[in-house]
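Structural features, examined
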Amino acid sequence: MIVGNRKDFSEILEKLGAARRVLLLGCNECVTVCGVGGEREVGVLASELRLYWTKEGETFEVREHTLERQCDYEYIDQIRGFADDYDVILSMACGAGVQYVAEAYKTKLVLPAVNTTFLGVTIEQGMWSERCQGCGACILDMTGGICPIARCAKSLLNGPCGGSSEGKCEIDKETDCAWQLIVDRLKESGQMERYEEILPVKDWRTGRDGGPRRRVREDLKL
Amino acid sequence: MSYPGNVKVVKVPCTGRVDVLLILRAFESGVDGVYLAGCLEGECHFLRGNLRARRRVEYVKGLLEEVGLGGNRVEMFNMSASQGQRFAQFAQEMTERIRLLGPSPVKKGE
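Residues numbered from 1 in each chain as written. Chains lettered and ligands numbered in written order. Predicted model: local features only at pLDDT ≥ 70, side-chain atom pairs only at ≥ 80, totals over all residues.

So, on to the overall build of chain B. What chain B contains, in helices and strands, is three helices and two strands. Counting from the amino terminus, chain B carries its helices and strands in the arrangement α-β-α-β-α. For chain B, whose C-alpha radius of gyration is 14 Å, the value lies close to the compact-globule estimate of 13 Å for 110 residues. When the backbone C-alpha atoms are referred to their principal axes, chain B occupies close to 40 × 30 × 20 Å. Residues counted as buried form 31% of the 110 residues belonging to chain B. (Helix = DSSP H or I, 4+ residues; strand = E, 2+ residues; numbered from the N terminus. Rg over C-alpha atoms; globule rule 2.2 N^0.38 Å. Buried ≥ 20, exposed ≤ 12 C-beta atoms within 10 Å, placed from the backbone.)

Attention shifts here to helix H5 (residues 95-104) of chain A. Residues and elements named next belong to chain A. Of the residues making up H5, those classed as buried are Gly 97, Val 98, Tyr 100 and Val 101. Looking down the long axis of H5, one finds its buried residues gathered within 170 degrees of arc, a one-sided arrangement. Against the buried residues of H5 lie strand E2 (21-27), helix H4 (73-76), strand E4 (88-91) and strand E5 (109-112). (Arc of directions from axis to C-beta. Contact = placed C-beta atoms within 7 Å.)

This part is about the sheet that holds strand E6 (residues 114-124) of chain A. All names here are of chain A. Overall, antiparallel pairing links the three strands, which are arranged E1-E6-E7 in an open sheet. At either margin of the open sheet sits one strand with a lone partner, and together these are strand E1 (2-6) and strand E7 (127-132). On average, each strand axis in the sheet is tilted by 70 degrees relative to the strand beside it, whichever way the strands run. For E1 and E6, the ladder comprises five bridges, and the chain directions are antiparallel. Paired with Arg 6 across the strands is Val 114, a residue of E6. (Pairing = 2+ DSSP bridges. Axes fitted to C-alpha atoms, helices over the stretch in contact; angles between N-to-C directions.)

Another point: the sheet that holds strand E3 (residues 61-67) of chain A. Residues and elements named next belong to chain A. Pairing is parallel across the open sheet formed by four strands, whose spatial order is E3-E2-E4-E5. Both outer strands of the open sheet, E3 and E5, are each paired with one neighbouring strand and no more. Pairwise comparison of adjacent strand axes, ignoring direction, gives a mean angle of 25 degrees for this sheet. Where E2 lies against E4, four bridges are found, and the strand directions are parallel. Bridging from a neighbouring strand, Leu 24 pairs with Leu 90 of E4.

Turning our eyes to something else, we now look at the domain arrangement of chain A. As assigned here, chain A comprises domain 1 (2-118) and domain 2 (134-208). Inter-centroid distance (C-alpha atoms) of domain 1 of chain A to domain 2 of chain A is 37 Å. (Domains from an automatic or database assignment.)

Glancing now at the confidence of the model for chain B. Per-chain confidence: chain B averages 95 in pLDDT, with 97% of residues scoring 70 or above. Quick note on the complex model: pTM equals 0.94, ipTM equals 0.93. (pLDDT = per-residue confidence, 0-100.)

So, about the packing of helix H1 (residues 20-28) of chain B against helix H2 (residues 49-67) of chain B. Residues and elements named next belong to chain B. Direction vectors running N to C along H1 and H2 enclose 45 degrees, while the axes themselves pass 9 Å from each other. One finds that H1 runs oblique with respect to H2. Judged by the twist between their axes, the crossing of H1 over H2 is right-handed. The residues of H2 that touch H1, namely those facing Val 20, Ile 23 and Leu 24, are Arg 56, Tyr 59, Val 60 and Leu 63. Across the contact of H1 with H2, the residue classes tally to six nonpolar, no polar and one charged. (Parallel < 35°, antiparallel > 145°, perpendicular 65-115°, else oblique. Left-handed = near helix turned anticlockwise from the far one by under 90°. Nonpolar A, V, L, I, M, F, W, Y, C, P; charged D, E, K, R; others polar.)

Let's shift gears to the interface of chain B and chain A. Taken together, the contact between chain B and chain A spans 13 residues of the former and 11 residues of the latter. Looking at which element gives the most residues to the side of chain B that touches chain A, the answer is H1 of chain B, with six residues. Grouping the amino acids of the side of chain B that touches chain A by side-chain chemistry returns nine nonpolar, one polar and three charged.

Here it is as C-alpha cells:
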C-alpha cells in the first residue's frame, strides 16, 4: 500500500491561510489502512480545525467527506455537487489522489494534508515499513524476495557493503541490512547459487529516471 | 467519600473503548478537561484496554497542544474498582488542575 504521514497541524493551518470553508476529503484506500487519511483521520483533523477556530473566535465550516478512492475519476466526481460551496479542498489522500482531485476541480484550491512517503507493508498494527520503490524492473526473483533497491540504504545490486554489521545497516541500528536478509533467505531457500550471479548495472530508465511513467492496456479500454 | 460535583461520569465497558475521536468530541462540546479512570495496569479484564487507552490519551495530549488547548486538559488515571478513595482523590486532583488552567477556550455559549 501507499504509506504517508499527516502534515503537522501548524503547516496545515499555514497552507489554509484565510480559507475558512473547508472540504476535508479522505480516501478509503491505502491511507485508511495506514491510519493517515481515512474517515477516522478526517474526523480527527476536522475536530482539530473546529477546536482551533472556535478557540480563535472564527466563523468557519468544515465538511468531512471520504471517497472510496481519490485516484479514480468516478469517485472524485461524487463531490461535484458541493465542492464549489467551499474555499478549499483539503485532501488527506496520497500525492496521486491530491493531484487527481486538483485536475478534476481546476478552479478550486486543492491542498495536501499528508506527506506521501513509501510503498510498504504493515509490520504490525500501527507500524509500516517500506518494501518497494517502483523501479519498473523487478529483480525479486534474484534476491530471495527481498528488494535491495527499496531496503538497502545504498540500493546496492551486489551487496552487502562494509557498513553491514551483525545484520544491521550502518545508517541505523534498527534497520536490517537488506543484503544480510537476502543472503539469509537465499540460504534458507537453497538458492545460494543465485548469490554468485553478479547483477548488472541497472537501467534506471524504467524507474523515475525515465520520466513520468504511463501504462496502457488497449484491451481494457472502452 | 465524595468527589467534586463538576465531574461528569461517562460509563464505558473498558477504557479501551475510549477512542481519540470520543475525547475530541467532548472538547468540541465545550468540556474543560477529560480524564480516563481505568483499571490498574496489568489488571485489565480485556488484557490491554487500559494500556491502549493510555497511549490514546498521550496522542490526544499532542493534538490538544497543536490546537492550543493544552495537553494538560486530558489525563489517564488508574485505580481498582475497590479504590473509591483513589477515584475521589483523582477527581479532586484533576478538578484543581483544570481550575488552574481556566475554562476551555472553546466553551460553548460563552
